[in-house]
Amino acid sequence: MLDINTIRNDFPILGRKVYDRPLVYLDNAATTQKPRSVVEAITDEYYNVNANVHRGVHYLSQQATDLHEEAREKVRQFINARSSSEIIFTRGTTESLNLVASSFCDAFMQEGDEVIVSVMEHHSNIVPWQLQAAKRGISLRVIPMTDEGELRLDEYEKLFTNKTKIVSVTHVSNVLGTVNPVEEIIRIAHEHGVPVMVDGAQSAPHFAVDVQAMDCDFFAFSGHKMYGPTGVGVLYGKEDWLDRLPPYQGGGEMIESVSFERTVFERLPFKFEAGTPDYVATHGLAKAIDYITSLGMDNIRRHEHELTAYATERLSEVDGLRIFGTSPRKDAVVSFLVGDIHHLDMGTLLDRLGIAVRTGHHCAQPLMIRLGIQGTVRASFALYNTKEEIDALVDGIRRVSKMF
């Protein structure tokens, strides 16, 4: 079991007040807070180890390079990739998805080809494919869902044609909290000879991920959603796929040699890492991984599952409150509306009570259209949240509701 009081002491921001009220931070699906160990590691590197990585022969450069590559190995272990060559550092999930969409389409897609996505995707897993559709004439096919927020796998199987080249789906919906059956999605795709990209932005922080057991071809996640720095993320790709993809960007570090006649690209993973990486952030990400793995991913999942169940139970007691996403396979997110109260009004007034929630379409407008709404209020949980904070949320919602 997690010692929540000790954990909360690791996150100084949780002790501050907002509008003279204790902060209740329930916007973790957007970004998580950072423990002291991560912030101190970043500060220490800037003060003591700051030098550009990989090409320097001096001591600081070699030390910074060691930390950067140790972070890559830490990520490999965290998601159980086969090789550190399969771990590419990016700016986050969004860049990872754009990289795959761009490079995969460059290599393997032409006019008339198709990519399968789902109705619950974040815009980051829709727009990059639409950009490629505008350039190349490819098209998107969409997996529908039930009213409970579960993907229709029977309909998914019907979407495959001889033009299907890749499937790209979210592991966990950032609105509904649904944990999608990605293993089954991948199995079906592989039966058709089609690779699968998994958006793990909302799964990697919450439960153990094993990319080899999952058998996904690509997997992406962000540091800032798992207690690490902003501006750093990861793309995992099976080595045989990464070898076949062309580089996403050109410049320093991703080359072996350059002449005006031709360029020879570096080996993996550097082929996809043009320019100076955020080597301080990768060290911070490694420290964040150390932090959550020391607590135990199973312990984190169990705690957050209890919070989600408790929040669902308590929110269901509020008159006129509707929860969106009622799958039994659900994790760390509850989205809702109360009567006719606009989500922005609810969120703004909860903020005055010190309660931080997210409002709007959550970068999932096609899902909002499917649900027949403009947006929701979203409470999302992390390892440092408590049932008392959920009680404060419920009390706040009731107080706001009385005003309307």
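Up top you'll find the structure we're talking about.
Fair warning: this is a prediction, and the values are worked out from it, not measured in the lab.

1. As for unusual backbone geometry
Most peptide bonds are trans, and most residues other than glycine sit at a negative phi.
For step 1, the next point in the chain: The linkage connecting Leu268 with the following residue, Pro269, adopts the cis geometry, with an omega of 0°.
For step 2, the next point in the chain: Tracing the backbone through its elements, the reader meets Pro269 in the loop between β12 (263-265) and α10 (279-295).
For step 3, the next point in the chain: In this structure, Cys363 is a non-glycine residue whose phi angle is positive, near 55°.
For step 4, the next point in the chain: Within the fold, Cys363 resides in the loop between β16 (358-360) and α13 (365-371).
For step 5, the next point in the chain: The exposure class assigned to Cys363 is partly exposed, which follows from its relative accessible area of 33%.

2. Re the side chain of Lys330
For step 1, the next point in the chain: On the secondary structure map, Lys330 appears in the loop between β13 (321-324) and β14 (333-338).
For step 2, the next point in the chain: Notably, Lys330 is buried but unbridged: the nearest opposite-charge side chain belongs to Asp331, and the N-O separation is 11 Å.
For step 3, the next point in the chain: One polar contact links the side chain of Lys330 to the main-chain carbonyl oxygen of Gly325, over a distance of 2.5 Å.
For step 4, the next point in the chain: In this structure Lys330 touches Leu176, Gly177, Thr178, Val179, His305, Thr308, Ile323, Phe324 and Gly325, once residues within four positions along its chain are discounted.

3. Examining the packing of helix α4 (residues 93-108) against helix α5 (residues 127-136)
For step 1, the next point in the chain: Contact geometry of α4 with α5 gives a least axis separation of 9 Å together with a crossing angle of 25°. Between α4 and α5, the angle falls in the class roughly parallel. Taken as a pair, α4 and α5 cross one another with a handedness that is right-handed. Between α4 and α5, the contacting residues are Asn98, Ala101, Ser102, Cys105 and Asp106 on the first element and Pro128, Trp129, Gln132 and Arg136 on the second.
For step 2, the next point in the chain: For the contact of α4 with α5, the per-class residue count stands at 4 nonpolar, 3 polar and 2 charged.

About the thresholds
Residues numbered from 1 in each chain as written. Predicted model: local features only at pLDDT ≥ 70, side-chain atom pairs only at ≥ 80, totals over all residues. Heavy atoms only, no water. Helix = DSSP H or I, 4+ residues; strand = E, 2+ residues; numbered from the N terminus. Buried < 20%, exposed > 50% of the residue type's maximum accessible area, 1.4 Å probe, protein only. Lys, Arg positive; Asp, Glu negative; His and termini not counted. Salt bridge = Lys/Arg side-chain N within 4 Å of Asp/Glu carboxyl O. Polar contact = N/O pair within 3.5 Å; in protein donor to acceptor, adjacent residues only side chain to side chain. Contact = heavy atoms within 4.5 Å. Axes fitted to C-alpha atoms, helices over the stretch in contact; angles between N-to-C directions. Parallel < 35°, antiparallel > 145°, perpendicular 65-115°, else oblique. Left-handed = near helix turned anticlockwise from the far one by under 90°. Nonpolar A, V, L, I, M, F, W, Y, C, P; charged D, E, K, R; others polar.

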